[in-house]
Amino acid sequence: MIKLLIADDEAPARKRLRDLLSDINEVTIVADAKNGQEALKLANENLPDIVLLDIRMPIMDGIETAQHLQKLAKPPAVIFTTAYDTYALQAFDLNAVDYLLKPIRFERLQTAIQKARALLPKQLEALVPLSPQRTHLSISERGRVLLIPVADVIYFRAELKYITVKTAEKEYLLEESLNHLEQEFGKIFIRLHRNCLVAQAYILGYEKRQLSHDAEGLLSSEKQWVALLKNIPDTVTVSRRQQHLIRSN
Amino acid sequence: MRKSSRLPNLHNLGVNLRILIIVNAIIALTAIVLSNHFEDFYVVITTISSIAQPLLLLCLLVLYGSYSLLTKLRYWQGLLGIFTIVLLVCSGFYDLISHLLIYSNLPSRLRLLFFASIITAICLYYFYLHQHAYSPAVIEARLQALQARIRPHFLFNCINAVLSLIRTQPKQAETALEDMADLFRVLMADNRDLVPLGQEIALCRQYLALEKLRLDERLTVQWKIDDMPPDAMIPPLILQPLIENAVYHGIEPLEKGGTITIQIYTSRKEIHLVLSNPYNEASLRHIGNKMALKNIKERLTLHFDLEASLKSSQSNGEYRVQITLPYKEV
């Protein structure tokens, strides 16, 4: 039996897929989701073999969902569904990514399910420009995908090999580069220090403080500017080079 | 169309505004030529204006009054009529001020009449050129090119929704297909003439019934149209594309959906259409929206010139579009 998960924000579209799939013998629908975030949650619980992903969905679109799905221990095959989306279709055709055009035909659906396979790294890469700014970050944890909404992130701090992602409740380790994150989220985060990106929405204000040692761990007697943050007691040191940012705020 | 309607429409605010601008530009130019210093310029322009401005307003007023008479004449007779009226008004005005003796060193009557006819000729020539640029043929062609087009996204999702109904709710599927037929009949019709507002509203309701089918409880619509004049004439498909935008950019990206508010009222011979929808700032798709707005704006201009306007604004997560157009009855 092939385990299948449906993700589409429109109830009639989900129903149509269920109707069609009920005529195919070897598949069973394990769950259906109304958006990408829900799809990931349900994929964690049900470990489907194939995910049918609508591209346009609220909260998290299909393209981003496909990227996060890859962090599952056994990534499911992905078949995109869409009514009309010129840019995405071009990219899909170029990289041989599976998709179905709505209204979906029974025969097409059947063939797509038979040949469905997980996305290749190259195909995933081709999808990145289609969702230029992720809404969530994902971490693989014991074979499951853990989602962190970007809106909850207070700061990113570069450590030796990883990035620490700080939210009000927890800390996570992320395997990405700070420069890359800055490029992607430059509108909502500012670089207060060479190793730290801070969410502008979480900055309460700035204060000059006597620090026993600066960010590099060297002793220093000078007073330094630090950023005070909402919801957490931590502060972030503002490097001298970035002090002009304080003035412009 | 009567031949005489080629005269500039002197009852139109835009036309009168343009005349005011042209004449004042000529006055300013004359003052610049006649003066050596800035102080000089100030004196000269005040002197000219003290005669020219009241005269200009008087001319426009008389022309406004006699416009309905002028349109009954042939084109060349109408032009001659305009010249005659301007010259008569100038002459009369000259008599009045020379008797009142308020002005020292008045120019001679002949000079005044000469300048008045030159300025009238410039204005009329401008409107002649303007009319050629916006000749009915050109306007027709542009209106045709600007015909509102429905998003393919909507068409295919809609067919998909109807397909999902066929097996279990055939009656609903029938209604939906009928709504679609009506909608596409209007979309594919020749949409160059004005239609009653009531007709556009009926179309919007059918369109929304189809969207409701897809989005269900995520889409709520609030109509505030008790003061609406259903007989007012508007360009077709002015409101529908705005609602389509509101659904596509406002409601669809929201998990729980939201409410679109449509308000229509009249005030001082103007119709106001106000549409607002929730708006997710994180959403990145704006381009399609701007194109639809530009299209509607251009069609409004072709139909009503400066008398219609379209404004859009966003604040506190709410997006608002307001269209104002003159109240024209059937």
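K.L.:
Looking at this structure, how should I read the overall build of chain A?
P.N.:
Assigned secondary structure in chain A consists of eight helices and 15 strands. Its C-alpha atoms give chain A principal-axis dimensions of roughly 75 × 35 × 30 Å. For chain A, with 249 residues in total, the buried portion stands at 36%. Sequence separation of 24 or more characterises 56% of the internal contacts of chain A that already satisfy a separation of 6 or more.

K.L.:
Even after reading the chapter, I still don't get the interface of chain B and chain A, so can you show me in this structure?
P.N.:
Note on interface size: it is often stated as the accessible area lost on association of the parts. Facing 20 residues of chain B, the contacting portion of chain A comprises 16 residues. Put simply, the parts of the chain that give the side of chain B that touches chain A at least two residues each are helix H6 (152-166) and helix H8 (197-215) of chain B. Ranked by residue count, the leading element in the side of chain B that touches chain A is H6 of chain B, at 10 residues. Tallied by class, residues from the side of chain B that touches chain A come to 11 nonpolar, four polar and five charged.

K.L.:
It is not clear to me how the sheet that holds strand S4 (residues 258-267) of chain B should be interpreted in this structure. Could you clarify?
P.N.:
All names here are of chain B. The strand order across the open sheet built from five strands is S2-S4-S5-S7-S6, with neighbouring strands paired in mixed fashion. Each of the sheet's edge strands pairs with one partner strand only, and the pair in question is strand S2 (219-224) and strand S6 (309-315). Recorded for the sheet is a direction-independent mean angle of 15° between the axes of neighbouring strands. The strands touched by helix H9 (residues 240-251) are S2, S4, strand S5 (270-278) and strand S7 (318-326); relative to S5, the strand with the most contacts, the crossing angle is about 20°.

K.L.:
I keep staring at the pairing of strand S12 (residues 196-199) of chain A and nothing clicks. Help me out?
P.N.:
Here is the key point about a regular strand: its side chains alternate between the two faces of the sheet. Residues and elements named next belong to chain A. A two-sided burial pattern is seen for S12, the buried positions comprising Cys196 and Val198 on one face and Leu197 and Ala199 on the other. For strand S8 (residues 153-158) and S12, the ladder comprises three bridges, and the chain directions are antiparallel. Along S12, the bridge assignment pairs phenylalanine 156 with leucine 197. Pairing analysis gives four bridges linking strand S11 (residues 189-193) to S12, with the strands arranged antiparallel. Looking at the pairing, isoleucine 190 lines up with valine 198 of S12. Taking the residues that link successive antiparallel strands as the turn, the S11-S12 hairpin has two residues.

Cut-offs used in this document
- Residues numbered from 1 in each chain as written.
- Chains lettered and ligands numbered in written order.
- Predicted model: local features only at pLDDT ≥ 70, side-chain atom pairs only at ≥ 80, totals over all residues.
- Helix = DSSP H or I, 4+ residues; strand = E, 2+ residues; numbered from the N terminus.
- Buried ≥ 20, exposed ≤ 12 C-beta atoms within 10 Å, placed from the backbone.
- Contact = placed C-beta atoms within 7 Å.
- Nonpolar A, V, L, I, M, F, W, Y, C, P; charged D, E, K, R; others polar.
- Pairing = 2+ DSSP bridges.
- Axes fitted to C-alpha atoms, helices over the stretch in contact; angles between N-to-C directions.

The values are spatial; any link to function lies outside them.
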